[in-house]
Amino acid sequence: MNIQRPRGTNDILPEETGKWQFVEAKIRELCRRYGYQEIRTPVFEHTELFVRGIGEATDIVEKEMYAFTDRSGRSLALRPEGTAGVVRAFVEHRLDARSLPVKLYYLGPMFRYEKPQAGRYRQFAQFGVEAIGSIDPFLDVEMIMLPIELYRACGLDGFQVQVNSIGCPKCRVQYREALLKHLGANVDQFCPNCRRRIERNPLRVLDCKEEKCRALVGQVPLITDYLCLECADHFQQVKEYLDQLGIDYVLNPQLVRGLDYYTKTVFEITVPTLGAQNAIGAGGRYDGLVEEVGGKPLPAVGYAVGLERLLLALDQQAGRYYEEPRPDAYVAHFGGVTKAKAVEIVTDLRRRGLWVEMDYLGRSLKAQMKSADKLGCRSAVIIGESELERQIVKVRHMATGDEQDVKLDQIAAYLTADREEHGA
Ligand code: ATP
Ligand code: MG
C-alpha cells in the first residue's frame, strides 16, 4: 500500500521546522510588545458560524469549505479562516466584560478546498490578530503596522502595502447601485463566477483574478467616492496616522476582500516576486461581525498572515535569515566500559543544557566521526579505555581536527566555554 499525503497538504520535515519556529518566535515576541494575547479555538466549528460570519455568497463558503456531517448529524466545517472562531469565542465567553479593546492573536492551520499550486494549499497556516471593541482609526493603523513589523523582524523587504476603505452597509447601498449600472452593460462578458457575483454580491467582482474580468472592471465607479461622512472621516484619519508614522502604502480603490464581514478599512500586503499567489497578509475592520455572531454590536479590526507564503518569500530573498541550531558535542565510545561512561557523560551534559548526540548503533570510531560531522556537531568527545584510566577524554574540534585532553570533571565547563566562544 502506498498512501500519500492528501492533495494540497504539506509535510514539514525536520530540516524545515527550524524556519517555522523562527517565524513563530518572532510572532510571539511581536504580540507581546503590542499587547496581544494568544487564543486557541477549535479547528472545526458549526458550519453555520462561517456561513453567517464570512457570508453565504463568498468563494470560501460556496466553494472552498471542508464541511461535513458528523455521526450525530451535525453540520461542521474545518475552519477556513480564524476570525469567525475567535469572535464566536469572544461572544461565548463574554470577553466584552473585559477592558476594551480585547486584543487577541492566533496561530494555526486553516483549511480551504482550493486548486493547489505554489503558495496555495488546502491546509495552510495563518497567524492572525483581532482587536475587538474600539472604532479608533489608530487601531486600524496598528493592524497594518503589526504585519509590517513582523515581516521586517523576519528580514523580509520588497513588500507592498495596499489600503482602501469599503465603507459600511450604509455607503454600500448607493455604491452597489452605481456598480450594478456599470457592470450591467457588460454582464455577458464576465466569467461565470462573476456573472453569479453580479447577481448576489457585485462588490466581489472587483476581487476576481481572471484577466478578462479585471480588464472589464477597468473604469468601474470607485467605492471611495461613495463613502458616507463617517466612513470618509475614518478613512482620512487612517491615512493621516499612516503618513505621520512614515508607513509606505499605496491607495488601491479597487481593493475589496473575499469575506463579507469587512467594513471601512481593508488592506493587503503583497510581495510582487511571489507570482500569482503574492498576498502574504491581509485584513481590515469588521464592525458588524460581533453582532452577527450573536454578541453586542462591537466594532473590531484584524488581519491574517499566510505563513507558507511568508516563508516562500523569505526563501526567495538571498541570505540566511535564521540560524540553524547545531549540536554542541558528539560523544563517541568503543562499547563496554567506555559505553557505560558515555551514557553517564551524555546524560550529565544534557542536564547541563548542552545538545549532545551519541552512537546508538555500535559503529566504528570512523563511522561515529562521520555522523558527528553530518549532524554538524561542534566537537566530539572521544572516550577511550586508556584515557578513562587517566580520568580524561579527548575532545576533537570537528572543524579543525585539533584534539585536546580534557579532565572528566571539566568536560561540561570546557564545552560550555567553547559554545559561548563559537556560537550556539
Ligand atoms: P488569495 O486572494 O490569495 O486567495 P485570500 O484573500 O483568500 O487570498 P485571506 O482569506 O485574506 O486570503 O487570508 C489571509 C492570508 O492567508 C492571505 O494573504 C494568504 O497569505 C494566506 N492564504 C489564503 N489562502 C491560502 C491558501 N489556500 N494557501 C496558502 N495561504 C493562503
Ligand atoms: Mg482565497
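Only a predicted model underlies this, so the values are computations on that prediction, with no experimental measurement involved.

The rules behind these values
Throughout, a residue's number is its position along its own chain's written sequence, starting from 1. Following the order in which they are written, the chains are lettered starting with A and the ligands numbered starting with 1. The predicted origin of the model limits local features to residues at a pLDDT of at least 70 and limits the giving and counting of side-chain atom pairs to 80 or more, whereas totals for whole chains, interfaces and linings rest on all residues. The side-chain figures draw on all heavy atoms in the structure; neither hydrogens nor water molecules are used. Patch definition: residues with relative accessible area over 30% and no salt bridge; like charges joined within 9 Å; nonpolar side chains (Val, Leu, Ile, Met, Phe, Trp, Tyr) joined within 5 Å. Note that accessible areas follow from Shrake-Rupley with a 1.4 Å probe, and for residues the cover is restricted to the protein chains shown. The term salt bridge refers to a side-chain nitrogen of Lys or Arg lying within 4 Å of a carboxyl oxygen of Asp or Glu. Under the DSSP-based scheme used, a helix requires at least four consecutive residues in state H or I and a strand at least two consecutive residues in state E, with every element numbered from the N terminus. Only protein chains enter the accessibility calculation, which uses a 1.4 Å probe; a residue whose area is less than 20% of its type maximum is buried, one above 50% is exposed, and one in between is partly exposed. To estimate the expected span of a helix, subtract one from its residue number and multiply by 1.5 Å. Given a residue, its bend is the angle between the two axes fitted to the seven residues that end at it and to the seven that start from it. Whether two residues are in contact is decided by their heavy atoms, any of which lying within 4.5 Å being enough. Any two strands between which DSSP finds at least two bridges are classified as paired. To get an axis, a line is fitted to the C-alpha atoms, and for a helix only the part in contact is used. The angle between two axes follows their N-to-C directions and goes from 0 to 180 degrees. Stacked, edge-to-face and tilted labels apply to pairs of Phe, Tyr and Trp rings (six-membered ring for Trp) whose centres lie within 6.5 Å, assigned for plane angles under 30 degrees, over 60, and everything in between, in that order.

Chemist: Tell me what's going on with a nonpolar patch on the surface, and back it up with residues and numbers.
Modeler: Among the surface-exposed residues, Val-43, Phe-44 and Phe-68 lie close enough to one another that they form a single nonpolar patch of about 240 Å² accessible area. Looking at the secondary structure, you find Phe-68 in strand 3 (residues 67–69). Residue class for Phe-68 comes out partly exposed when judged on its relative accessible area of 34%.

Chemist: Explain helix 6 (residues 169–184) to me, using residue names and the numbers behind them.
Modeler: The end-to-end C-alpha separation of helix 6 is 21 Å, in line with the 22 Å expected for 16 residues at 1.5 Å each. Most pronounced at Tyr-175, the bend in helix 6 amounts to some 25 degrees. Within the span of helix 6, buried status applies to Cys-171, Arg-172, Tyr-175, Ala-178, Leu-179 and Leu-183. Buried residues in helix 6 make contact with helix 7 (192–200), helix 9 (229–244) and strand 9 (263–270).

Chemist: Got a sec to walk through the sheet that holds strand 4 (residues 75–78)? Specific residues and values, please.
Modeler: Across the sheet, which stays open at both edges, the three strands sit in the order 2-4-3 with antiparallel pairing between neighbours. Strands with a single pairing partner mark the edges of an open sheet, and in this sheet they are strand 2 (44–46) and strand 3. Sheet twist, expressed as the mean angle between neighbouring strand axes with direction ignored, is 35 degrees. Pairing of strand 2 with strand 4, which is carried by three bridges, proceeds in the antiparallel orientation. When the bridges of strand 4 are listed, His-46 appears paired with Leu-76. Sheet strands touched by helix 2 (residues 47–54): strand 2, strand 3 and strand 4. Its angle to strand 2, the strand with the most contacts, is close to 80 degrees.

Chemist: An account of the pairing of strand 15 (residues 392–397) is needed here, citing residue identities and associated values.
Modeler: Side chains on a regular strand alternate between the two faces of the sheet. Pairing between strand 14 (residues 379–382) and strand 15: four bridges, direction antiparallel. Following the sheet pairing, Val-381 is matched in strand 15 by Val-395. The pairing of strand 15 with strand 16 (residues 403–407) spans five bridges and is classified as antiparallel. Across the sheet, Lys-394 pairs through a bridge with Asp-405, a residue of strand 16. Here strand 15 folds back onto strand 16, and the loop between the two strands holds five residues, one of which, Gly-401, carries a positive phi near 80 degrees.

Chemist: Tell me about the packing of aromatic side chains, and please be specific about residues and values.
Modeler: Following the criterion strictly, the structure yields 12 aromatic pairs and no others. With a centroid separation of 6.1 Å and an interplanar angle of 75 degrees, the aromatic rings of Tyr-105 and Phe-127 are classed as edge-to-face. Here the residue Tyr-105 occupies a position in strand 5 (residues 102–111), and Phe-127 occupies one in strand 6 (residues 123–132), the gap between them amounting to 22 residues. For the pair shown, Tyr-105 and Phe-127 are each scored as buried. A network of ring pairs unites the aromatic residues Phe-22, Tyr-321 and Tyr-322 as a single cluster.

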